[in-house]
Amino acid sequence: MRNLLYYSMIIVIQCKDQVGLVAAISAVLAGHGLNIVSIRENVDAAQQAFFARLVVEGAPAADVTVAADETAAVDAQRLQRELALVLPAGALVRVNPEPHKRIVVLVTREYHCLGDILLRNHFGTLGASVQCVVGNHALLGDICHRFSMPFRLVTHEGKDKETFETALNGVLVDYVFDYIVLAKFMRILSPSFVERYPHRIINIHHSFLPAFVGASPYRQAFERGVKLIGATAHFVTNDLDEGPIIAQQIIPVNHTFTPADMVRAGKEIETSVLAKALQLVFEDRVFITHNKTIVFE
């Protein structure tokens, strides 16, 4: 038990744009004794849409003593309702005191993105907690066991897509999670699977697409003599590798790079971009609008 009615909160708002939104939001916050520590906002003029991310703080009330977790739940809900009342109809408002996300990671054979996630999770710097790792090959089970992370094998061999995804969902229902991270998961998910987790599946891939599709993209890039390689992290939709982009990065390469050098550089940039994208999502800095994102870095 401790004296705590308000503390630091993150508030995210997405609604139709209109005059006076920031003033209305500020008035509600002021009425609760909350101070705006930072505010990021953006207006999409073409869609007449307003996006905002606020960090607010409030001093504890001296005459109220409740459990911290109870305070967070009750007051966040009240504040959320009051903000919704002053915003246009259909506004999306989320008040997340001390947010902490939970994820499930899907993998195949490549270890670089998974290894980075497990290491960050182990030292508490991921910004989320990994509930389990699911692989369609057994290869990466060993690294998971080294980090005392549950590893569930769901093989695709000898199964059609529907049977495989039924088995996959059978594992996922055992866990509570906010996002599914495809850490070089090399299976194409069906529309029915994706629709089950709208805007909750995050993927990483090289940025050569739509060029150099299929196997060995870095070998293809080497043979073509590309001068830039990169990676893209995005939300998964029914359009293969065309979902809303969260983060991208490129690095220069030249004629001295062998195919092995390109693969090595590609893995490093994929790891970096996925880590960046996850940080942005876990900190509630990403807003999805149609097939693109607004990102407050």
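Residues numbered from 1 in each chain as written. Predicted model: local features only at pLDDT ≥ 70, side-chain atom pairs only at ≥ 80, totals over all residues. Heavy atoms only, no water.

### Some details on the overall build of the protein
No. 1: Across its full length, the protein carries eight helices and 13 strands.
No. 2: Once the C-alpha set of the protein is aligned to its principal axes, its extents read approximately 65 × 40 × 35 Å.
No. 3: Each of the 297 residues in the protein was classed as buried or not, and the buried ones make up 47%.
No. 4: Total accessible area computed for the protein in this model is approximately 15,000 Å², and 53% of it derives from carbon and sulfur atoms.
No. 5: Where the 27 positive side-chain charges of the protein centre and where its 30 negative ones centre are 4 Å apart. (Helix = DSSP H or I, 4+ residues; strand = E, 2+ residues; numbered from the N terminus. Buried < 20%, exposed > 50% of the residue type's maximum accessible area, 1.4 Å probe, protein only. Areas by Shrake-Rupley, 256 points an atom, 1.4 Å probe, with all protein chains shown as cover. Lys, Arg positive; Asp, Glu negative; His and termini not counted. Charge placed at Lys NZ, Arg CZ, Asp CG, Glu CD.)

### Topic: the environment of Ala-275
No. 1: Within the secondary structure, Ala-275 is located in helix α8 (residues 259–282).
No. 2: Here Ala-275 falls in the buried class, since its relative accessible area comes to 16%.

### Section: helix α7 (residues 217–224)
No. 1: When we look at burial in α7, the residues that qualify are Pro-217, Tyr-218 and Ala-221. Buried residues of α7 fall within an arc of 95° about the axis and therefore sit on the same side.
No. 2: Against β9 (201–206), β10 (228–235) and α8 lie the buried residues of α7.
No. 3: After α7 finishes, the residue Gly-225 shows a positive phi value of roughly 75°. (Arc of directions from axis to C-beta. Contact = heavy atoms within 4.5 Å.)

### A look at the pattern of salt bridges
No. 1: Tallied over the full model, the rule gives twelve salt bridges.
No. 2: Note that Glu-82 is salt-bridged to Arg-78, the shortest N-O span being 3.1 Å. Here the residue Glu-82 and the residue Arg-78 both occupy positions in helix α2 (residues 68–86), the gap between them amounting to four residues, near one helical turn.
No. 3: Judged by relative accessible area, Glu-82 falls into the partly exposed class, the value being 27%. (Salt bridge = Lys/Arg side-chain N within 4 Å of Asp/Glu carboxyl O.)

### A word on the pairing of strand β6 (residues 128–135)
No. 1: Here β6 lies mainly inside the structure; six of its eight residues are buried.
No. 2: Two strands pair when backbone bridges link them, and strand β5 (residues 101–107) and β6 are joined in this way by seven bridges, in the parallel orientation. Counted as the bridge partner of Val-105 is Val-133 from β6.
No. 3: Note on the crossover from β5 through helix α3 (residues 112–123) to β6: the handedness is right-handed.
No. 4: As paired strands, β6 and strand β7 (residues 151–153) are joined by three bridges and run parallel to one another. Bridge pairing in β7 links Val-133 to Phe-151.
No. 5: Read from β6 through helix α4 (residues 141–146) to β7, the crossover connection turns out right-handed. (Pairing = 2+ DSSP bridges. Right-handed = clockwise from strand over helix to strand, strands pointing away.)

### Some details on the side chain of Glu-165
No. 1: Within the fold, Glu-165 resides in helix α5 (residues 161–172).
No. 2: In this structure Glu-165 is buried but unpaired, with Lys-161 as the nearest side chain of opposite charge at 4.7 Å.
No. 3: Discounting chain neighbours no more than four positions away, the residues touching Glu-165 are Ile-188, Leu-189, Ser-190, Ser-192 and Phe-193.

### Notes on unusual backbone geometry
No. 1: Phi is positive for Ser-148, close to 55°, though the residue is something other than glycine.
No. 2: Within the secondary structure layout, Ser-148 lies in the loop between α4 and β7.
No. 3: A relative accessible area of 66% places Ser-148 in the exposed class.
No. 4: Its identity as a non-glycine residue notwithstanding, Asp-284 has a phi of 55°, on the positive side.

### As for the environment of His-199
No. 1: On the secondary structure map, His-199 appears in the loop between α6 (191–196) and β9.
No. 2: Judged by its relative accessible area of 39%, His-199 is partly exposed.
No. 3: When the C-alpha positions of His-199 and His-32 are compared, they lie 32 Å apart, and in sequence the two are 167 residues distant.
No. 4: Those residues within four positions of His-199 in sequence are excluded, and the remaining contacts are Tyr-179, Phe-235 and Ile-288.

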